Amino acid sequence: MNYKEINMKTYDCYACEFQERTKDYLPYIINDANEFVSGLQELETVILDLGSGPGRDSMFFRSKGYNVVSFDISCGMLRLCKEKELRAIRGDLEDLPFLDNTFHGVWAYTSLLNIPKKRFPHALNEVRRVLKNEGRFYIGMKEGRFEGELESEKYPGCKRFFSLYEMNELEAYLAEPFEIERKSRLNLGDAVFLNYLCRAFH
């Protein structure tokens, strides 16, 4: 079983539990979310929620009046998105089924940490490809020195693949295809999150 199948199995099995565990997380990054959308003032703005999970952040963007696409590999997560009447599309985070220059903004909160580091530059280039010129990209990743499979007490019997990054390491990856506009480091006790707001230039 490869890393995509491992992650997909876990998120399919525990979609409802994941939704319950993460439902109150948005307030921790609400300032970043508001900053992200503040630069998206064009008419008919379209946002891609990349690795949307159950659609928590997609709901926030929709409440602000934006056209949002919830995108995930997990059928279980997308089922929860559809229950919220979100526009939900299934696919691979590393091979986006969208035309170049489609989105004004891409939001990827703790989704790209589920892919290997060797695939990370390709995933970032895919994000840049589907973003319009000067489009905004927000990414949240976990801080650390680890790459591989982990089994969590939260989701018994299932594993997830994680890639954790140190700040300098992550910034080196991001600086290649994007311009970093803002960054923050969020400590929630059991995990530290590295959050970046970037802009794409073609």
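Residues numbered from 1 in each chain as written. Predicted model: local features only at pLDDT ≥ 70, side-chain atom pairs only at ≥ 80, totals over all residues. Heavy atoms only, no water.

Student: Please set out the pattern of salt bridges residue by residue, giving values where relevant.
Tutor: For the structure shown, the criterion picks out 16 salt bridges. The partner of D32 in a salt bridge is R182, and the shortest N-O contact between them spans 3.1 Å. You can see D32 sitting in helix α3 (residues 30–38) and its partner R182 sitting in strand β8 (residues 178–187), a full 150 residues away along the chain. Looking at R182, the relative accessible area reads 33%, which means it is partly exposed. Here R182 and E35 are joined by a salt bridge, their closest N and O atoms 3.8 Å apart. Placement of R182 in strand β8 and of E35 in helix α3 is noted, with a sequence separation of 147 residues between them. One salt-bridge network, held together by shared partners, links D32, E35, R136, E181, R182 and R199. (Salt bridge = Lys/Arg side-chain N within 4 Å of Asp/Glu carboxyl O. Helix = DSSP H or I, 4+ residues; strand = E, 2+ residues; numbered from the N terminus. Buried < 20%, exposed > 50% of the residue type's maximum accessible area, 1.4 Å probe, protein only.)

Student: Tell me what's going on with the pairing of strand β5 (residues 131–142), and back it up with residues and numbers.
Tutor: Bridge count between strand β4 (residues 103–109) and β5: 6 bridges; the pairing is parallel. Paired with W107 across the bridge in β5 is Y138. In this view, the connection linking β4 to its parallel neighbour β5 by way of helix α6 (residues 120–130) has right-handed handedness. (Pairing = 2+ DSSP bridges. Right-handed = clockwise from strand over helix to strand, strands pointing away.)

Student: Before we move on, could you go through the environment of D57 and cite the residues and values that matter?
Tutor: Relative to the helices and strands, D57 resides in helix α4 (residues 56–63). Here D57 is in contact with L26, D49, W107 and Y109, once residues within four sequence places are set aside. (Contact = heavy atoms within 4.5 Å.)

Student: Residues and numbers for the packing of helix α1 (residues 3–13) against helix α2 (residues 15–22), please.
Tutor: At a minimum axis separation of 4 Å, α1 and α2 run at an interaxial angle of 75 degrees. The angle between α1 and α2 falls in the class roughly perpendicular. Counted together, Y11, D12 and C13 of α1 and A15, E17 and F18 of α2 form the full contact between these two elements. Along the lines of polarity and charge, the residues of the contact of α1 with α2 split into 4 nonpolar, no polar and 2 charged. (Axes fitted to C-alpha atoms, helices over the stretch in contact; angles between N-to-C directions. Parallel < 35°, antiparallel > 145°, perpendicular 65-115°, else oblique. Nonpolar A, V, L, I, M, F, W, Y, C, P; charged D, E, K, R; others polar.)

Student: Tell me about unusual backbone geometry, and please be specific about residues and values.
Tutor: Peptide bonds are trans in most cases, and residues, glycine excluded, mostly fall at negative phi. Of note, the phi angle at N101 is positive, near 60 degrees, even though the residue is not glycine. By secondary structure assignment, the location of N101 is in the loop between β3 (87–90) and β4. Positive phi, close to 70 degrees, is recorded for E134, a residue that is not glycine. By secondary structure assignment, the location of E134 is in strand β5. What makes E134 partly exposed here is its relative accessible area of 45%.

Student: Give a detailed account of the side chain of N7, specifying residues and quantitative values.
Tutor: Mapped onto the secondary structure, N7 falls in helix α1. Judged by its relative accessible area of 6%, N7 falls in the buried class. Leaving out residues up to four positions away in the same chain, N7 has contacts with N114, R160 and F161.

Student: Would you mind going over the packing of aromatic side chains in detail, with residue names and values included?
Tutor: Within the structure shown, the criterion is met by 20 aromatic pairs. Taking 5.2 Å as the distance between ring centres and 55 degrees as the angle between the ring planes, the aromatic pair formed by Y14 and Y155 counts as tilted. In this pair, Y14 is assigned in the loop between α1 and α2 and Y155 in the loop between β6 (147–151) and β7 (159–163), connecting sequence segments 141 residues apart. Judged on exposure class, the residue Y14 and its partner Y155 are both buried. (Phe/Tyr/Trp six-rings, centres within 6.5 Å; stacked < 30°, edge-to-face > 60°.)

Student: An account of the sheet that holds strand β9 (residues 192–200) is requested, with residue identities and associated values reported.
Tutor: Strand order in this open sheet of 7 strands is β3-β2-β1-β4-β5-β9-β8, and the pairing throughout is mixed. Every other strand in the sheet has two partners, leaving β3 and β8 as the edge strands with one partner each. On average, each strand axis in the sheet is tilted by 15 degrees relative to the strand beside it, whichever way the strands run. The pairing of strand β2 (residues 67–72) with β3 spans 4 bridges and is classified as parallel. Residue S70 lies in a different strand from β3, and its bridge partner there is A88. With respect to the sheet, helix α5 (residues 75–83) is in contact with β2 and β3, its orientation differing from that of β3 by roughly 165 degrees.

Nothing here speaks to function; it is geometry throughout.
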